[in-house]
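# Analysis of the macromolecular model
Residues per chain, in single letters:
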Amino acid sequence: MLEIKEGNSKFYIGEDENAPLAEIIYTSSDDGKITIEHTIVSDELQGQGIAKKLLTRAVEYARENNKKVIPMCSYVKDQFERNEYEYEDVWYR
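What you see is a predicted model, and the numbers here were worked out from it, not measured in a lab.

Phi is positive for Ser9, close to 60°, though the residue is something other than glycine. Structurally, Ser9 is set in the loop between strand S1 (5–7) and strand S2 (10–13). Not every positive phi belongs to a glycine, and Asn66 is a case in point at roughly 55°. Relative to the elements of secondary structure, Asn66 occurs in the loop between helix H1 (50–64) and strand S5 (68–71). For Asn66, a relative accessible area of 73% translates into the label exposed.

This is the structure in structure tokens:
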């Protein structure tokens, strides 16, 4: 199983944070919000549910740290809209 690691304003899969195989990138604000900006999965990991696993980890992070999520990334926004009740506790609208 692939390990999701925590980096500098991101969660990623791979040996090198600067050249990951997959990543979800966010920015934090001082008012308790994180904006998820991009989700990127390499061709070799496509179709394995990696983006969803990265999103799950980012949401866990938000919950653990009492933060709200602003879903700017099109993938994350789509997931929040499709699964509204799964994310309603962390979704900043």
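We are not done yet, so read on.
What follows deals with the side chain of Glu23. Looking at where Glu23 falls in the secondary structure, it is placed in strand S3 (residues 22–28). Side chain to side chain, Glu23 and Lys10 meet in a polar contact 2.8 Å long. Glu23 has contacts with Lys10, Phe11, Tyr12, Glu17, His38, Thr39, Ile40 and Leu54, leaving out every residue within four places of it along the chain.

Within a regular strand, side chains alternate between the sheet's two faces. The side-chain alternation of S2 yields two buried faces, one formed by Lys10 and Tyr12 and the other by Phe11 and Ile13. Alignment of S1 against S2, held across 3 bridges, turns out to be antiparallel. When the sheet's bridge partners are listed, Lys5 is paired in S2 with Tyr12. Between S1 and S2, which follow one another and run antiparallel, lie 2 residues, and Ser9 among them has a positive phi close to 60°. Looking at chain direction, S2 and S3 are connected through 4 bridges and run antiparallel. Bridge pairing in S3 places Phe11 opposite Ile24.

With that settled, the discussion passes to the environment of Asn8. Tracing the chain through its elements places Asn8 in the loop between S1 and S2. Distance in space between the C-alpha atoms of Asn8 and Glu88 is 26 Å, their sequence separation being 80 residues.

Ranked by size, the top nonpolar core spans 24 residues in total, and within it Ile24, Ile36, Leu55 and Phe80 carry the most contacts. Elements supplying a minimum of two residues to this core: S2, S3, strand S4 (33–41), H1 and helix H2 (74–82). Broken down by element, the residue count for this core peaks at 8 residues, all from H1. Residue contacts for Phe80: discarding those within four places in its chain leaves Leu55, Val59, Val69, Pro71, Tyr87, Val90 and Trp91.

Rules used in this analysis
Residues numbered from 1 in each chain as written. Predicted model: local features only at pLDDT ≥ 70, side-chain atom pairs only at ≥ 80, totals over all residues. Heavy atoms only, no water. Helix = DSSP H or I, 4+ residues; strand = E, 2+ residues; numbered from the N terminus. Buried < 20%, exposed > 50% of the residue type's maximum accessible area, 1.4 Å probe, protein only. Polar contact = N/O pair within 3.5 Å; in protein donor to acceptor, adjacent residues only side chain to side chain. Contact = heavy atoms within 4.5 Å. Pairing = 2+ DSSP bridges. Core = buried A, V, L, I, M, F, W, Y, C linked by side-chain atoms within 4.5 Å.

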